[in-house]
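A look at the structure
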2 protein chains.
Amino acid sequence: MKRISSRDNASFKQLKKLAESSKARRKAAQALLDGIHLLAACLESGMQPRLVAISENALDHPEIGPLLASLPEVEVLQLPDALFNEITQLDTPVGLLALIDIPPARIPSNAGFCLMLEDVQDPGNLGTILRSAAAAGVEVAYLSPRCADAWSPKVLRAAMGAHFVLPIEEGADLPALVARFNGKTLATRLDAKQSLYQLDLRGPTAVLIGNEGAGLSDALLEIANTPVRIPMPGQIESLNAAAAASICLFECVRQRLK
Amino acid sequence: MKRISSRDNASFKQLKKLAESSKARRKAAQALLDGIHLLAACLESGMQPRLVAISENALDHPEIGPLLASLPEVEVLQLPDALFNEITQLDTPVGLLALIDIPPARIPSNAGFCLMLEDVQDPGNLGTILRSAAAAGVEVAYLSPRCADAWSPKVLRAAMGAHFVLPIEEGADLPALVARFNGKTLATRLDAKQSLYQLDLRGPTAVLIGNEGAGLSDALLEIANTPVRIPMPGQIESLNAAAAASICLFECVRQRLK
């Protein structure tokens, strides 16, 4: 284990850049996993981190010792708590960060259950949606260029490991994907005539979810072949993007269970 | 319109306290609505604010003039942007804050569609859940004492007006409520035998949602009469609390539409 004590250390500077800058993450094709749970999900998928950083505070953590012992080939850095806290974005960090190469997305060629996200900008929402999609068995998530950075620490944290089981294509050309999708392309909108619960969703289905404020763009609304409304019998007609996505995805799950 | 320029002004100090302290909000039984949408939702419910604060920056906003003109009896304060920004929690504030008396919750005596939240601590999650509940037509939301403060600015923002159509009881004794609920009390757990989609949810139903990390307490799991699992065919079995709540509530919606 190598101890680092200076802010001028090259590894520390690299970690800090990756924590803060989506540009740096894209350039290096690397990301940071904050906490034990995400590293465990990464390892479970068969991936190894490049580097693990531990805060002094965490040296005695009962789960961290065995975890490191299981990774004899991975470089481990030890950081003073003050330096570690400059990198982590958790309020109560466990004191473990892993640096990984972002895995190439293995996009299936003929997915029958897709998610397409247009300009979902809140990292918490994006992560929550990816988590629901992975749990629902979505085969691929396509993200428009103006979505939040899928590999940012906040999205990774909210997604709770979804990144390691769900292929994610960033910068996707959604209009082209919708146009050539061979099945139902569901566009939620409040004024749609058809209810989500009237549709047969057992065949190939792509669920489209739009920006938190603006919803789906006219460009996508025009070409999606299945406008759909989530019935809302309450006194407000309004759902969070992640709630709407989860409801649509799990209606697909329900119908496919039969 | 009264202009305020000093941090020592009593109204400014009161607004700041209400923005920052849940204790202050409870003591005064008052809360702050940040932005036009929340004030509109409040007005639509028939409530009037006690006071509206406007930033200098917002004086020319095209929606704010007519809004204030429709409230001739409400006191309006004008604040320099610097002072306003000490109160708002929005990154890009529109420049309008309204001070309201927290309305008394009109709890229906025999609600057939309830939500019970145990120790949901993330304000964004809590607000998103209340928003889904209001859209689903839930009749009352009961919050355990260790839930986040329902009237905090972050919860209000995420709930997008749900507070004005959904009765919310904070500090609720959930074990007592579950014990005397005359219908199904649904407790989601990964190891439950029954699937959500096998249940008949058309009768009286209470949906129980637990803490983000720990789930429902053993105390509630023991007395809830309907343990239930959301089927997750994907490679992770994990949902955000707000996603799980939305899926359960809208399965009730779906069944009741028939």
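Residues numbered from 1 in each chain as written. Chains lettered and ligands numbered in written order. Predicted model: local features only at pLDDT ≥ 70, side-chain atom pairs only at ≥ 80, totals over all residues. Heavy atoms only, no water.

Looking now at the overall build of chain A. Of the regular secondary structure elements, chain A holds 10 helices and 11 strands. Taking all contacts inside chain A whose residues are at least 6 apart in sequence as the whole, residues at least 24 apart take part in 79%. Looking at chain A as shown, the accessible area adds up to about 11,500 Å², and 47% of this sits on carbon and sulfur atoms. Side chains of chain A give 25 positive and 28 negative charges; the mean places of these two sets differ by 3 Å. (Helix = DSSP H or I, 4+ residues; strand = E, 2+ residues; numbered from the N terminus. Contact = heavy atoms within 4.5 Å. Areas by Shrake-Rupley, 256 points an atom, 1.4 Å probe, with all protein chains shown as cover. Lys, Arg positive; Asp, Glu negative; His and termini not counted. Charge placed at Lys NZ, Arg CZ, Asp CG, Glu CD.)

A word on the UniProt feature "domain: RNA 2-O ribose methyltransferase substrate binding" (unreviewed entry) in chain A. Summarizing the sequence annotation, UniProt attributes the feature "domain: RNA 2-O ribose methyltransferase substrate binding" (unreviewed entry) to residues 32–106 of chain A in the numbering used throughout. Annotated as residues 32–106 of chain A, this span is 29% helix and 25% strand, and its ends, taken at the C-alpha atoms, are 20 Å apart. (UniProt positions renumbered as here; feature names shortened; annotations may be inferred.)

Turning chain B through 180° and shifting it by 0.0 Å along the axis lays it on chain A, with an RMSD of 0.0 Å. Seen this way, the second copy is the image of the first under a two-fold rotation axis. An overlap of 100% is found between the interface residues of chain B and their copies at the interface of chain A, pointing to a shared contact surface. (Least-squares fit on C-alpha atoms with pLDDT ≥ 70 in both.)

Per the stated rule, a full pass over the model turns up 24 salt bridges over all chains. A salt bridge links arginine 189 of chain B to aspartate 191 of chain B, with the shortest nitrogen-to-oxygen separation between them at 2.8 Å. Relative accessible area serves as the criterion here: at 54%, aspartate 191 of chain B is assigned to the exposed category. Salt bridges linked by common partners bring Arg7, Lys16, Glu20 and Glu86 of chain A together as one network. (Salt bridge = Lys/Arg side-chain N within 4 Å of Asp/Glu carboxyl O. Buried < 20%, exposed > 50% of the residue type's maximum accessible area, 1.4 Å probe, protein only.)

Next up on the list: the domain arrangement of chain A. Residue and element names in this part refer to chain A. The assigned domain composition of chain A is domain 1 (2–101) and domain 2 (113–257). Each partner contributes to the interface: domain 1 provides 16 residues, whereas domain 2 provides 11 residues. When domain 1 packs against domain 2, the two sides together hide about 1,200 Å² of surface, and 66% of this comes from carbon and sulfur. It is Arg25, Leu38 and Gln89 that lose the most area in domain 1 upon contact with domain 2, and together they represent 35% of the buried surface on that side. Applying the counting rule to domain 1 against domain 2 returns three salt bridges. Summed over the shared surface of domain 1 and domain 2, the result is three residue pairs in polar contact (both at pLDDT 80 or more). Mapped by element, the contributors of at least two residues to the side of domain 1 that touches domain 2 are helix 2 (22–28), strand 2 (30–34) and helix 3 (36–44). Tallying contributions element by element places helix 3 first for the side of domain 1 that touches domain 2, with four residues. In terms of residue class, the side of domain 1 that touches domain 2 is built from 10 nonpolar, four polar and two charged. (Domains from an automatic or database assignment. Buried area = accessible area lost by both parts, 1.4 Å probe. Polar contact = N/O pair within 3.5 Å; in protein donor to acceptor, adjacent residues only side chain to side chain. Nonpolar A, V, L, I, M, F, W, Y, C, P; charged D, E, K, R; others polar.)

A few words on the interface of chain B and chain A. Taken together, the 30 residues of chain B in the interface contact 30 residues of chain A. Here chain B meets chain A over a buried area of about 2,500 Å², counting both sides, of which 67% is carbon and sulfur. Linking chain B with chain A are zero salt bridges, by the criterion used here. Joining chain B to chain A, the criterion identifies eight residue pairs in polar contact (both at pLDDT 80 or more). The leading source of residues in the side of chain B that touches chain A is helix 10 (residues 241–257) of chain B, at eight residues.

Following both chains from N to C, one finds helix 10 (residues 241–257) of chain A and helix 10 of chain B inclined at 60°, their axes separated by 9 Å at the closest point. The orientation of helix 10 of chain A relative to helix 10 of chain B falls into the category oblique. Pair helix 10 of chain A / helix 10 of chain B crosses with right-handed handedness. Within the contact between the two elements, helix 10 of chain A uses Ala243, Ser246, Ile247, Phe250, Glu251 and Arg254 of chain A and helix 10 of chain B uses Ala243, Ser246, Ile247, Phe250, Glu251 and Arg254 of chain B. Taken together, the residues of the contact of helix 10 of chain A with helix 10 of chain B break down into six nonpolar, two polar and four charged. (Axes fitted to C-alpha atoms, helices over the stretch in contact; angles between N-to-C directions. Parallel < 35°, antiparallel > 145°, perpendicular 65-115°, else oblique. Left-handed = near helix turned anticlockwise from the far one by under 90°.)

What follows deals with the state of the cysteines. All names here are of chain B. Scanning the entire structure with this criterion turns up zero disulfides over all chains. The cysteine cysteine 114 is free of any disulfide, with cysteine 252 supplying the nearest cysteine sulfur at 11 Å. Owing to a relative accessible area of 2%, cysteine 114 belongs among the buried residues under this scheme. (Disulfide = S-S within 2.5 Å.)

Turning next to the pairing of strand 4 (residues 75–79) of chain B. Residue and element names in this part refer to chain B. When you tally the buried positions in strand 4, you get four out of five residues, the bulk of the element. Where strand 1 (residues 2–3) meets strand 4, two bridges bridge the pair, whose relative direction is parallel. Note that in strand 4 the partner of lysine 2 across the bridge is leucine 77. Relative to strand 4, strand 3 (residues 51–55) is paired through five bridges, and the arrangement is parallel. When the sheet's bridge partners are listed, leucine 51 is paired in strand 4 with glutamate 75. The parallel pair strand 3 and strand 4 is bridged by helix 4 (residues 64–69), and the resulting crossover is right-handed. (Pairing = 2+ DSSP bridges. Right-handed = clockwise from strand over helix to strand, strands pointing away.)

This next bit is on the packing of aromatic side chains. Residues and elements named next belong to chain A. Under the counting rule described, the total for this entry stands at two aromatic pairs over all chains. Taking 6.2 Å as the distance between ring centres and 75° as the angle between the ring planes, the aromatic pair formed by tryptophan 151 and phenylalanine 164 counts as edge-to-face. Of this pair, tryptophan 151 sits in the loop between strand 7 (140–143) and helix 7 (153–159) while phenylalanine 164 sits in the loop between helix 7 and strand 8 (168–169), and the two are 13 residues apart along the sequence. Sitting over the face of the ring of phenylalanine 113, arginine 256 holds its NZ or CZ atom 4.5 Å from the ring centroid. (Phe/Tyr/Trp six-rings, centres within 6.5 Å; stacked < 30°, edge-to-face > 60°. Lys NZ or Arg CZ within 6 Å of the ring centre and 35° of its normal.)

Relative to the helices and strands, arginine 25 of chain A is located in helix 2. In this structure the side chain of arginine 25 of chain A is engaged in a polar contact, spanning 2.8 Å, whose partner is the side chain of aspartate 149 of chain A.

What follows is about the environment of glutamate 86 of chain B. Residue and element names in this part refer to chain B. Along the chain, glutamate 86 turns up in helix 5 (residues 81–87). Sequence separation between glutamate 86 and threonine 128 is 42 residues, and the spatial gap between their C-alpha atoms is 25 Å. The contact partners of glutamate 86, leaving out residues within four places of it in the chain, are Arg7, Phe12, Lys16 and Glu20.

All names here are of chain A. Here we have six strands laid out as an open sheet, ordered 8-7-6-10-9-11, and parallel in their pairing. Either end of the sheet is taken by a strand with one partner, and the two such strands are strand 8 and strand 11 (226–228). With two bridges joining them, strand 7 and strand 8 adopt parallel strand pairing. Opposite alanine 141, over in strand 8, you have isoleucine 168 as the bridge partner. Contacts between helix 6 (residues 123–136) and the sheet are confined to strand 6 (113–117), strand 7, strand 8 and strand 10 (205–209), with strand 6 contributing the most and set at about 175° to the helix.

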